[in-house]
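Here is what each chain is made of, one letter per residue.
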Number of protein chains: 2
Amino acid sequence: MTEPSAYGSAGVGFIDGEYSPMAELRLPVTDMGFQLSDMCYDAVHVRNGAFFRLEDHLDRWERSLAARRYDTLGHGRDAVAEVLHRCVARAGLRDAMVTFIATRGTPASGHKDLRSCKNRLIAWALPYYGIVPDEELERGCDIIVAQTIRIPSEAVDPTVKNFGRLDFVRAVFEAYDRDARYAVLLDRDGLVAEGRGWNIFALTGGVLVSPDAGALEGITRKTVYELSERLNIEARAGRITATDLRAADEVFLTSTAGGIMPVRRVDDTAIGNGEPGPVTLRLKDMYWDLHDDPAYATPVNYDLAEA
Amino acid sequence: MTEPSAYGSAGVGFIDGEYSPMAELRLPVTDMGFQLSDMCYDAVHVRNGAFFRLEDHLDRWERSLAARRYDTLGHGRDAVAEVLHRCVARAGLRDAMVTFIATRGTPASGHKDLRSCKNRLIAWALPYYGIVPDEELERGCDIIVAQTIRIPSEAVDPTVKNFGRLDFVRAVFEAYDRDARYAVLLDRDGLVAEGRGWNIFALTGGVLVSPDAGALEGITRKTVYELSERLNIEARAGRITATDLRAADEVFLTSTAGGIMPVRRVDDTAIGNGEPGPVTLRLKDMYWDLHDDPAYATPVNYDLAEA
């Protein structure tokens, strides 16, 4: 994965009713999904030949479609699920990241009336990857608290997963300038929101807290809430400041692309003793073990690889 | 222009060193310009075979490139200008809207380090169109003041023209729900910012004011400042509330795609006597007359149509 453009060089995609090698998957530039970020998406992963929590992802997807009024997509829930199965099956992947996108589509004229667009479904399955490299998954990753603030929910609803992420882009460049690669964004009141593609948790005094506003309602985050209950650890949505974060006993990130990812350092402050903490490591193990539970697994229908 | 998908059905585009009919112009979905809105753009128009204020657009474009650090684009200012000439010339257009875009490009791996991307230049020339239909240009258009707020500059710099426009999308649907088609957004302090693709002006007591923050530094807006000086009308950037807007003597929108566009009504309030006002109409005439001034016109090099 170190070659230029290796991202997207393998895998299978879908657009406008056709499947193609991922490397050939292209979007018309006239689609408002590009020109206005007028799109929503979801991302689910496949492990050992089975989707993890597929129904939860499809539930969130359907809420996003409704919120954004993508009602001319031409693919209901079952049809979307079938496309996802087909992408994974055609790609022949046992472990995959699967992305599915609704875009507004191309408008009838230069006036760009969004009601004149036919919505478009795009999907793809790529070999599984995580946000952070394996070595950082092991030792913990270093994040910074960005000066750039998260786009507020009064402007864009953060619970509708979308590609309108220029706030994250600016924050990530702040990280690069400080010899880091990941940035968490605060809201305008100084409360921790989220980072590019991940939620965050802080463990303080035995209680796990993840931001209660300004963030995506992550499926991995939801899984952490559930697993914490099994451990009799209180886990809840709440308010966290940057100061709280730096003072926490443990901090970790959650994402479908990587699972539970320990944080070693926030700005110049080591978290705990500077190594992944016991609760983080316990949850991480439980998270991956949960993939063997049939209640969370939807086996990929590999028979759909053909036709 | 009433056929579905007529937008983009004519014209010529450019991507990855190749020209193609606009209808075939597609972006790899792996480009962070799509997945993160990590892009900037500019749009210039051609009238009667000449670009209008091309150098001003290129100046703004270069500021955007620098702000967003697109430093592996592979096309300097002159090379970009040549691509624009070629798009218009190949399309054989005497009146055109010309869009040019820098995207971050495709990252090296699923970790999506933005420094691993090779930036991409995209451009296209389409037959000229305005944001609003001709009949609304004549009689004035009706706008609403949206509840959705503009993405604040602390999150995303509004002076770098970009496609991360989900705030505008939400606001436009507010307009549709209120039998209108255009929405102006306020910032979180209740000050008027801008709409999708346009700046706004209010004339009150003989003074023209356009928002001084939270908006694109429009080239048409700049032209209005210059033309107002010729008319000895004070025109300046300042603060406008929604109440100021509704109470104004005249209101108009400015955009490269349409020029100076009178506003007839804001929410349920008629502006002035409900018809385009005299200052608006005078500026509109002067704006189009200015296109004949060689100081503002760069003739398209139609010899570049071939090869």
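Definitions and limits used
Residues numbered from 1 in each chain as written. Chains lettered and ligands numbered in written order. Predicted model: local features only at pLDDT ≥ 70, side-chain atom pairs only at ≥ 80, totals over all residues. Heavy atoms only, no water. Least-squares fit on C-alpha atoms with pLDDT ≥ 70 in both. Contact = heavy atoms within 4.5 Å. Salt bridge = Lys/Arg side-chain N within 4 Å of Asp/Glu carboxyl O. Buried < 20%, exposed > 50% of the residue type's maximum accessible area, 1.4 Å probe, protein only. Helix = DSSP H or I, 4+ residues; strand = E, 2+ residues; numbered from the N terminus. Expected span 1.5 Å × (residues − 1). Phe/Tyr/Trp six-rings, centres within 6.5 Å; stacked < 30°, edge-to-face > 60°. Lys NZ or Arg CZ within 6 Å of the ring centre and 35° of its normal. Pairing = 2+ DSSP bridges. Axes fitted to C-alpha atoms, helices over the stretch in contact; angles between N-to-C directions. Buried area = accessible area lost by both parts, 1.4 Å probe. Polar contact = N/O pair within 3.5 Å; in protein donor to acceptor, adjacent residues only side chain to side chain. Domains from an automatic or database assignment. Nonpolar A, V, L, I, M, F, W, Y, C, P; charged D, E, K, R; others polar.

K.L.:
Would you take a moment to explain the relation of the copies chain A and chain B for this structure?
P.N.:
Between the two copies of this chain, the relationship is a rotation about some axis together with a displacement along it. Mapping chain A onto chain B is achieved by rotating through 180° and translating by 0.0 Å along the same axis, at an RMSD of 0.0 Å. Seen this way, the second copy is the image of the first under a two-fold rotation axis. Most of the interface of chain A is mirrored in chain B, where 100% of its interface residues again form contacts.

K.L.:
Is there a simple way to think about the pattern of salt bridges in this case?
P.N.:
It is possible for side chains bearing opposite charge to pair when their charged atoms get close. According to the stated counting rule, one finds 48 salt bridges over all chains in the structure shown. Residue Asp56 of chain A is joined to Arg53 of chain A by a salt bridge in which the shortest nitrogen-to-oxygen separation is 3.0 Å. Exposure remark for Asp56 of chain A: the relative accessible area of 17% places this residue in the buried category. One salt bridge in this structure joins Arg60 of chain B and Asp42 of chain B, with 2.6 Å as the shortest N-O distance. Of this pair, Arg60 of chain B sits in helix α2 (residues 54-68) while Asp42 of chain B sits in strand β4 (residues 39-47), placing them 18 residues apart in sequence. Given a relative accessible area of 0%, Asp42 of chain B falls into the buried group.

K.L.:
When you look at helix α5 (residues 166-177) of chain A in this model, what are you seeing that I'm missing?
P.N.:
A turn of α-helix holds 3.6 residues, and therefore any two residues three or four places apart point the same way. The first and last C-alpha atoms of α5 of chain A sit 17 Å apart over 12 residues, in line with the 16 Å expected at 1.5 Å per residue. Summarising burial for α5 of chain A: 10 of the 12 residues are buried, a large majority. Buried residues of α5 of chain A: Leu166, Asp167, Phe168, Val169, Ala171, Val172, Phe173, Glu174, Ala175 and Tyr176 of chain A, and no others. If you follow the buried residues of α5 of chain A, they end up packed against β8 (141-149), β9 (182-186) and β10 (192-195) of chain A together with β4 and α2 of chain B.

K.L.:
Is there a simple way to think about the environment of Glu217 of chain A in this case?
P.N.:
Residue and element names in this part refer to chain A. Within the secondary structure, Glu217 is located in the loop between β12 (207-211) and α6 (219-230). With 173 residues separating them along the chain, Glu217 and Val44 place their C-alpha atoms 14 Å apart. Excluding residues within four positions of it along the chain, Glu217 makes contact with Arg60, Arg63 and Thr159.

K.L.:
Please clarify how the packing of aromatic side chains should be interpreted in this entry.
P.N.:
Aromatic ring pairs are described here by two measures, namely the spacing of the ring centres and the angle between the planes. This structure, assessed with the given rule, holds 22 aromatic pairs over all chains. With centroids separated by 5.9 Å and ring planes inclined at 85°, the aromatic side chains of Tyr7 of chain B and Tyr129 of chain B adopt a geometry described as edge-to-face. Here Tyr7 of chain B, found in the segment before β1 (12-15), pairs with Tyr129 of chain B, found in the loop between β7 (120-127) and α4 (134-139); they are 122 residues apart in sequence, far enough to count as distant. Pair check on accessibility: Tyr7 of chain B and Tyr129 of chain B agree, each one buried. When the ring of Trp61 of chain B is compared with that of Phe100 of chain B, the centres are 4.8 Å apart and the planes differ by 50°; the resulting orientation is tilted. Placement of Trp61 of chain B in helix α2 and of Phe100 of chain B in strand β6 (residues 96-103) is noted, with a sequence separation of 39 residues between them. Judged by its relative accessible area of 1%, Trp61 of chain B falls in the buried class. Given a relative accessible area of 0%, Phe100 of chain B falls into the buried group. Grouping aromatic residues by their ring pairs yields a cluster made of Phe52, Tyr287, Trp288 and Tyr296 of chain A. Directly above the aromatic system of Tyr176 of chain B lies the positively charged group of Arg115 of chain A, at a separation of 3.7 Å from the ring centroid.

K.L.:
Looking at this model, I keep getting lost on the pairing of strand β1 (residues 12-15) of chain A. Mind explaining?
P.N.:
Walk down a regular strand and you will see the side chains alternate between the two sheet faces. All names here are of chain A. Neither face of β1 is exposed, since Val12 and Phe14 on one face and Gly13 and Ile15 on the opposite face are all buried. By the bridge criterion, 4 bridges tie β1 to strand β7 (residues 120-127) in an arrangement that is antiparallel. By the bridge assignment for β7, Gly13 is matched with Trp124. The loop that links β1 with its antiparallel partner strand β2 (residues 18-21) comprises 2 residues; one of these, Asp16, has a positive phi angle of about 50°.

K.L.:
Help me understand the sheet that holds strand β17 (residues 297-299) of chain A, please; the structure alone is not making it clear to me.
P.N.:
Whether parallel or antiparallel, the strands of a sheet pair through hydrogen bonds between backbone atoms. All names here are of chain A. Strand order in this open sheet of 7 strands is β2-β1-β7-β6-β4-β5-β17, and the pairing throughout is antiparallel. Strand pairing shows two members of the sheet lacking a second neighbour, β2 and β17, which therefore form its edges. For this sheet, the mean inter-axis angle between neighbouring strands, taken without regard to orientation, is 25°. For strand β5 (residues 50-52) and β17, the ladder comprises 3 bridges, and the chain directions are antiparallel. Note that in β17 the partner of Ala50 across the bridge is Pro299.

K.L.:
In this structure, what is going on with the interface of chain A and chain B? I would like to understand it.
P.N.:
A common way to state how big an interface is: give the accessible area lost once the parts meet. Contact with chain A, which involves 70 residues of that partner, is made by 70 residues of chain B. Carbon and sulfur atoms make up 61% of the area that chain A and chain B hide from each other, which totals about 6100 Å². On the chain A side of the contact with chain B, Tyr7, Phe34 and Leu166 of chain A bury the most area, a combined 13% of that side's loss. Scanning the region where chain A abuts chain B turns up 6 salt bridges. Put simply, Asp177 of chain B and Arg69 of chain A hold a salt bridge, and the shortest N to O gap is 2.6 Å. In this assembly, chain A and chain B are joined by 35 residue pairs in polar contact (both at pLDDT 80 or more). Secondary structure elements with two or more residues in the side of chain A that touches chain B: β3 (26-28), α1 (32-35), β6 (96-103), β8 and α5 of chain A.

K.L.:
So what exactly am I meant to see when it comes to α6 of chain A here?
P.N.:
Residue and element names in this part refer to chain A. Across its 12 residues, α6 extends 17 Å between first and last C-alpha, which sits within 8% of the 16 Å expected from 1.5 Å per residue. Among the residues making up α6, those that are buried are Ile219, Thr220, Arg221, Thr223, Val224, Leu227 and Ser228. Directly beyond the C-terminal end of α6, a positive phi value near 60° is found at Asn232.

K.L.:
Could you clarify how one ought to interpret unusual backbone geometry in this entry?
P.N.:
Glycine aside, negative phi is the norm for most residues, and most peptide bonds take the trans geometry. Positive phi, normally seen in glycine, also occurs at Asp179 of chain A, with a value near 60°. Inspection of the secondary structure puts Asp179 of chain A in the loop between α5 and β9. By relative accessible area, which is 78% here, Asp179 of chain A ends up exposed. Phi angles above zero are rare outside glycine, and Arg53 of chain B is one such case at about 55°. Note that Arg53 of chain B resides in the loop between β5 (50-52) and α2. The class of Arg53 of chain B is buried, set by a relative accessible area of 5%.

K.L.:
Looking at this structure, I do not really get the domain arrangement of chain A. What am I missing?
P.N.:
All names here are of chain A. Split into domains, chain A comes out as domain 1 (12-127) and domain 2 (134-276). Between domain 1 and domain 2, the contact holds 19 residues from the first and 16 residues from the second. Between domain 1 and domain 2, a total of about 1500 Å² is buried, with carbon and sulfur atoms accounting for 60% of that surface. In terms of surface lost to domain 2, no three residues of domain 1 exceed Tyr41, Arg53 and Arg60, which account for 42% of the buried area on that side. At the surface where domain 1 touches domain 2, the tally comes to 2 salt bridges. Between Glu226 and Arg53 there is a salt bridge, with its nearest N and O atoms 3.0 Å apart. Within the residue set of the side of domain 1 that touches domain 2, elements represented by two or more residues are β4 (39-47), α2 (54-68) and β6. For the side of domain 1 that touches domain 2, the residue count by class is 9 nonpolar, 4 polar and 6 charged.

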